[in-house]
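# Examination of the molecular architecture
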Amino acid sequence: MRVWLNKSQIFAMGLVMVSCAPQKFAGGGTRGAALKKNPPPEPVHCTEAQLTSVFTSQTYVDQRSANDFVAVTLKFTPCAYQKTVTSLPVTFDIDADMNFGTSTSRQIAYQMSVPGASPVSGQMTFTMGSDLFGNTGDDYGHFESSSPLMVSPQLASVDLKLILNNVKIVGVRDGSPATGVFKVPLHVKVGEAPAITTQISFSPR
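All of the points below concern the structure found in this document.

So, on to the side chain of aspartate 131. With respect to the helices and strands, aspartate 131 occurs in the loop between strand S8 (120-130) and strand S9 (136-145). Overall, the relative accessible area of 7% leaves aspartate 131 in the buried class. Among the polar contacts listed, one links the side chain of aspartate 131 to the backbone nitrogen of phenylalanine 133, at a separation of 2.9 Å. Among the polar contacts made by the side chain of aspartate 131, one reaches the main-chain amide nitrogen of asparagine 135 at a distance of 2.8 Å.

Set out below in structure tokens:
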């Protein structure tokens, strides 16, 4: 049913609506209550020193030499909230096709050291199933250190040497074996921090 009103009725109704409107006060509690129910999120604090860059002065690896290696310096940002030494796994990956020849161990030797300290030696073991570039499957893998890196709260840098004598970097991934110098990304990851990438050039072998 539709109701039609004359002008006097409309004016009178308007007065009633104005007089019945709820009062608003400048210091009303509605907004304050909402803030109490939904407080701003707490800032996320770091829990450990974070790997922030990978530096190398050795941008070329001659795979035909008897001493075939990659040497990089890992730079860290210390964490004020880290109070004790933390042990973190170190992983790395080269975005290229590799050949281990007749070896069944699929390991490479490495050395890690904090400047001023003696290097710690170990083996990087190749783990199948996924790489550090987001690929998964039986054809993909990455290397992980046999021993974790001991990360102090004020860690600033670590020298990492990867000895590649028993593995051949064939060429760019899913391509033909390289016949000339080729460049591929090298990923390094420490703990839960995102992997950091640098570029390394390799000679054919």
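Picking up after the structure, the text goes on.
The next point concerns the packing of aromatic side chains. Within the structure shown, the criterion is met by 5 aromatic pairs. Between phenylalanine 100 and phenylalanine 126, the ring centres sit 5.5 Å apart and the planes meet at 55°, which makes this aromatic pair tilted. Of this pair, phenylalanine 100 sits in the loop between strand S6 (96-99) and strand S7 (107-113) while phenylalanine 126 is found in strand S8, placing the two residues 26 residues apart along the sequence. Phenylalanine 126 carries the same exposure label as phenylalanine 100, and that label is buried. Here lysine 161 stacks its cationic end above the ring of phenylalanine 69, 4.5 Å away from the centre of that ring.

The subject of this paragraph is the state of the cysteines. Under the criterion given, the structure shown has 1 disulfide. Here cysteine 46 connects covalently by a disulfide to cysteine 79, the sulfurs 2.1 Å from one another. Around the S-S axis, the bridge from cysteine 46 to cysteine 79 shows a dihedral of about 95° and counts as right-handed. Placement of cysteine 46 in the loop between helix H2 (30-37) and strand S1 (50-55) and of cysteine 79 in the loop between strand S3 (69-77) and strand S4 (86-88) is noted, with a sequence separation of 33 residues between them. For cysteine 46, a relative accessible area of 29% corresponds to the partly exposed category.

This structure, assessed with the given rule, holds 3 salt bridges. Of the charged contacts in the structure, one is a salt bridge between aspartate 95 and arginine 173, with a shortest N-O distance of 2.7 Å. Taken together, the residues aspartate 95 in the loop between strand S5 (90-94) and S6 and arginine 173 in the loop between strand S12 (168-172) and strand S13 (182-190) connect sequence positions 78 residues apart. Aspartate 95 sits in the partly exposed class, given a relative accessible area of 21%.

Looking at where serine 145 falls in the secondary structure, it is placed in strand S9. Given a relative accessible area of 9%, serine 145 falls into the buried group. In the structure, serine 145 is positioned 37 residues away from isoleucine 108 in sequence and 9.4 Å away in space, judged by C-alpha atoms. Polar side-chain contacts of serine 145 include one of 2.9 Å to the backbone oxygen of serine 147.

Definitions and limits used
- Residues numbered from 1 in each chain as written.
- Predicted model: local features only at pLDDT ≥ 70, side-chain atom pairs only at ≥ 80, totals over all residues.
- Heavy atoms only, no water.
- Helix = DSSP H or I, 4+ residues; strand = E, 2+ residues; numbered from the N terminus.
- Buried < 20%, exposed > 50% of the residue type's maximum accessible area, 1.4 Å probe, protein only.
- Polar contact = N/O pair within 3.5 Å; in protein donor to acceptor, adjacent residues only side chain to side chain.
- Phe/Tyr/Trp six-rings, centres within 6.5 Å; stacked < 30°, edge-to-face > 60°.
- Lys NZ or Arg CZ within 6 Å of the ring centre and 35° of its normal.
- Disulfide = S-S within 2.5 Å.
- Salt bridge = Lys/Arg side-chain N within 4 Å of Asp/Glu carboxyl O.

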